[in-house]
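# Understanding the architecture of this molecule
What follows is each chain in one-letter form.
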Amino acid sequence: MPTQLSRRGLIRGVTAAAAAATLAPVLAACGGDSEAATTDPAGSVTVGLLSNGAARETTVQVSEVRSVSAKLPAALSRGGKLVIASGTLPSGSAPLGYVGSDQKTLTGCEVDLARLVAAVLGLEPEFRQATWENMFIAIDSGKSDVGFSNITVTEERKKKYEFASYRKDDLAFEVRKDSSWNFDGDYGNLAGRTVSVGSGTNQEKILLEWKSKLAKEGKNLTVKHYQDNNSLYLALSSGKIDVYLGPSPALSYHAAKTAGTPQATRVAGRFSGAGTTLQGLIAATAKRGSGLAQPLADAINHLIDNGQYAQWLAAWNLSGEAVDRSETDPPGLPLDNS
């Protein structure tokens, strides 16, 4: 599929570059705006920028594709901007989404894919950070057009949102390196353990279903929540929790970064983010009825077909999470399935 760099894209590239140079710091933890480094005037996106070692900085050539951008809702096309919700407050999580090495610019694999998709759509990306829960409120209210923030497709979420998938969703269990515990695919191994999980996430749903099953078997599972990663990992290293259940990319990255330190951890097992019967999928998430899912999927498939998608994954060491195609509203975590 041929690409074209429109005059509109050239103007937006210059404007975005100027905006990035004067970026304001991240606002309060209840919500805020943040700009990521954007497409340059030559029609390229630098992925892995300011990643603080989490990615290999790679320049990816990408331009507006008129046959895809023509499918955008008219109001969005006229506005010229794609407002992207990022559930990265208060502290974010590498390599998914976090403040980069300049201490102000939003970076991460989710951020970079959103930038690539915006370029294909001929739109200027504008990122708005929020807590996980407030990210969905921003999409509901129309303050943000789409979420790119490691959002799993679930049948419950389909009641309110439409999806364009772009990456496999695998969860992981992280423990102290000296721990002998392993998941081994059996939720029964969690009996008697204290496990931390993100509030409002699909992994919390799965964990709470396991907790309920164990309770019926007369066994206990304690679930704890922490507001930020620093508190979570302090609790893990001090023994206040035994296990952390979270997104596989983030946990694998943390285990690699702590190797050889007194706080060393390891990944003790993985599980599909869609439960026992289905491979979980991460997807761009828009309000149902917005008309965005199809052009988003078409943009992602353009990136897949032309190699930019593979470059993005390789830069962030996530090639093992590639999907063959982006699908609109693919099967997700069932309403009752752990």
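Residues numbered from 1 in each chain as written. Predicted model: local features only at pLDDT ≥ 70, side-chain atom pairs only at ≥ 80, totals over all residues. Heavy atoms only, no water.

### Comments concerning the overall build of the chain
What counts, and what does not: Per the convention used, a helix needs a DSSP run of H or I reaching at least four residues, while a strand needs a run of E reaching at least two, with both numbered from the N terminus. Every accessible area reported is derived by Shrake-Rupley at a probe size of 1.4 Å, with residue values counting cover from the shown protein chains alone.
The secondary structure content of the chain amounts to 10 helices and 14 strands. Within the structure as shown, the chain displays about 13,700 Å² of accessible surface, and the carbon and sulfur contribution to it stands at 51%.

### Overview of the nonpolar core
Using the following cut-off: To define a nonpolar core, start from buried Ala, Val, Leu, Ile, Met, Phe, Trp, Tyr and Cys residues and group those joined through side-chain atoms within 4.5 Å. Buried means the residue's accessible area, taken with a 1.4 Å probe over protein chains only, is under 20% of the maximum for its type, while exposed means over 50%, and partly exposed covers the values in between. We call two residues contacting when some pair of their heavy atoms lies within 4.5 Å.
Ranked by internal contacts, the top residues of the largest apolar core, which has 71 residues, are Leu116, Val117, Phe148, Leu296, Trp312 and Trp316. Looking at which element gives the most residues to this core, the answer is helix H4 (residues 109-120), with nine residues. Those residues in contact with Val117, other than ones at most four positions away along the chain, are Phe148, Leu296, Ala299, Ile300 and Leu303. Grouped together as the second largest cluster of nonpolar side chains are 20 residues, Phe183, Leu221, Leu245 and Leu333 included.

### Remarks on the environment of Lys160
Structurally, Lys160 is set in the loop between strand E8 (146-147) and strand E9 (161-176). Separated by 24 residues in sequence, Lys160 and Phe136 have C-alpha atoms that sit 9.8 Å apart. If we ignore the near neighbours within four places in the chain, the residues touching Lys160 are Asp140, Ala286, Lys287 and Arg288.

### With respect to the side chain of Glu174
As a reminder, the rule being used: Positive charges come from Lys and Arg alone, negative charges from Asp and Glu alone, with His and the N- and C-terminal ends not counted. One side-chain nitrogen of Lys or Arg within 4 Å of one carboxyl oxygen of Asp or Glu is enough to make a salt bridge. Under the rule applied, a polar contact is a pair of N or O atoms within 3.5 Å (in protein, one hydrogen donor and one hydrogen acceptor; residues adjacent in sequence only if both atoms are side-chain atoms).
Along the polypeptide, Glu174 turns up in strand E9. Arg270 is the oppositely charged side chain nearest to the buried, salt-bridge-free Glu174, at an N-O distance of 9.9 Å. Within polar-contact distance, the side chain of Glu174 engages the side chain of Tyr233 at 2.7 Å. If we skip the residues at most four places from it in the chain, Glu174 touches Tyr233, Leu236, Asp242, Val243, Tyr244, Leu251, His254, Ala255, Thr265 and Arg266.

### Topic: the environment of Trp316
By the secondary structure assignment, Trp316 is in the segment after helix H10 (308-315). Owing to a relative accessible area of 2%, Trp316 belongs among the buried residues under this scheme. When the C-alpha positions of Trp316 and Gly108 are compared, they lie 8.2 Å apart, and in sequence the two are 208 residues distant. With sequence-adjacent residues up to four places away left out, Trp316 is seen in contact with Val47, Gly48, Ser51, Ala54, Ala55, Pro95, Tyr98, Thr107, Gly108, Cys109 and Asp112. Only 2.9 Å separates the side chain of Trp316 from the side chain of Asp112, close enough to count as a polar contact.

### Description of H10
An α-helical turn contains 3.6 residues, so any two residues separated by three or four positions project in the same direction. Put simply, the test is: Working definition: the arc comes from the directions between the helix axis and the C-beta atoms, pointing outward to the latter.
Looking only at H10, the buried set comprises Gln308, Tyr309, Trp312, Leu313 and Ala315. The arc that holds every buried residue of H10, seen down its axis, measures 165°, which confines them to one face. Buried residues belonging to H10 abut strand E2 (44-47), strand E3 (58-61), H4, E9 and helix H9 (293-305). One or two steps after H10, the chain reaches Asn317, where phi turns positive at roughly 60°.

### Things to note about the side chain of Thr152
Relative to the assigned elements, Thr152 resides in the loop between E8 and E9. Of note is the side chain of Thr152, whose polar atom sits 3.2 Å from the side chain of Asn202. Filtering out sequence-adjacent residues up to four positions away, Thr152 remains in contact with Arg157, Phe163, Asp169, Asn202, Gly273, Leu281 and Ile282.

### Observations concerning the packing of H4 against H9
So the rule is basically this: Only the contacting stretch of a helix is used when fitting its axis, a line to C-alpha atoms as for every element, and angles between N-to-C directions run 0 to 180 degrees. Should an angle fall under 35 degrees it is called roughly parallel, over 145 degrees roughly antiparallel, and 65 to 115 degrees roughly perpendicular, with every other angle called oblique. Gly falls in the polar group here, along with every residue not listed as nonpolar (Ala, Val, Leu, Ile, Met, Phe, Trp, Tyr, Cys, Pro) or charged (Asp, Glu, Lys, Arg).
Orientation of H4 relative to H9, taken along the N-to-C sense of each, is 100°, at an axis distance of 9 Å. As the angle between them shows, H4 and H9 are arranged roughly perpendicular. Contacts between H4 and H9 involve Leu113, Leu116, Val117 and Val120 from the first element and Leu296, Ala299, Ile300, His302 and Leu303 from the second. For the contact of H4 with H9, the class distribution of residues is eight nonpolar, one polar and no charged.

### Concerning the packing of aromatic side chains
Threshold: Pairing of aromatic rings covers Phe, Tyr and Trp, the last through its six-membered ring, and needs centres within 6.5 Å; plane angles under 30 degrees mean stacked, over 60 mean edge-to-face, and all others mean tilted.
The full count for this structure, using the stated rule, is 12 aromatic pairs. Pairing Tyr166 with Trp312 gives two aromatic rings, centres 6.3 Å apart and planes at 70°, and the pair type is edge-to-face. With a gap of 146 residues between them, Tyr166 in strand E9 and Trp312 in helix H10 connect regions that are remote in the sequence. An identical accessibility class is assigned to Tyr166 and Trp312; each is buried. Here the aromatic residues Phe173, Trp181, Phe183, Trp210 and Phe271 are joined through ring pairs into a cluster of three or more.

### Side note on the pairing of strand E10 (residues 194-197)
Stated formally: The pairing criterion is simple: DSSP has to find at least two bridges between the two strands.
Both faces of E10 are covered, namely the face carrying Thr194 and Ser196 and the face carrying Val195 and Val197. The pairing of E10 with strand E11 (residues 222-224) spans three bridges and is parallel. Within E11, the residue paired with Val195 across the bridge is Val223. Inspection of the sheet shows E10 paired to strand E12 (residues 243-247) by three bridges, in the parallel sense. Counterpart to Val197 in the pairing with E12 is Leu245.

### Looking at helix H7 (residues 229-238)
Burial in H7 covers these residues: Leu232, Tyr233, Ala235 and Leu236. Along the axis of H7, the buried residues cluster in a sector spanning 155°; they form a single face. The exposed residues of H7 that point more than 90 degrees off its buried face are Asn230 and Leu234. On its buried face, H7 is in contact with E9, E10, E12, helix H8 (248-258) and strand E13 (265-272). The N-cap residue of H7 is Asp228: its side-chain oxygen and the backbone nitrogen of Asn230 are 3.1 Å apart. Of the residues trailing H7, Gly239 is marked for its positive phi of about 85°.

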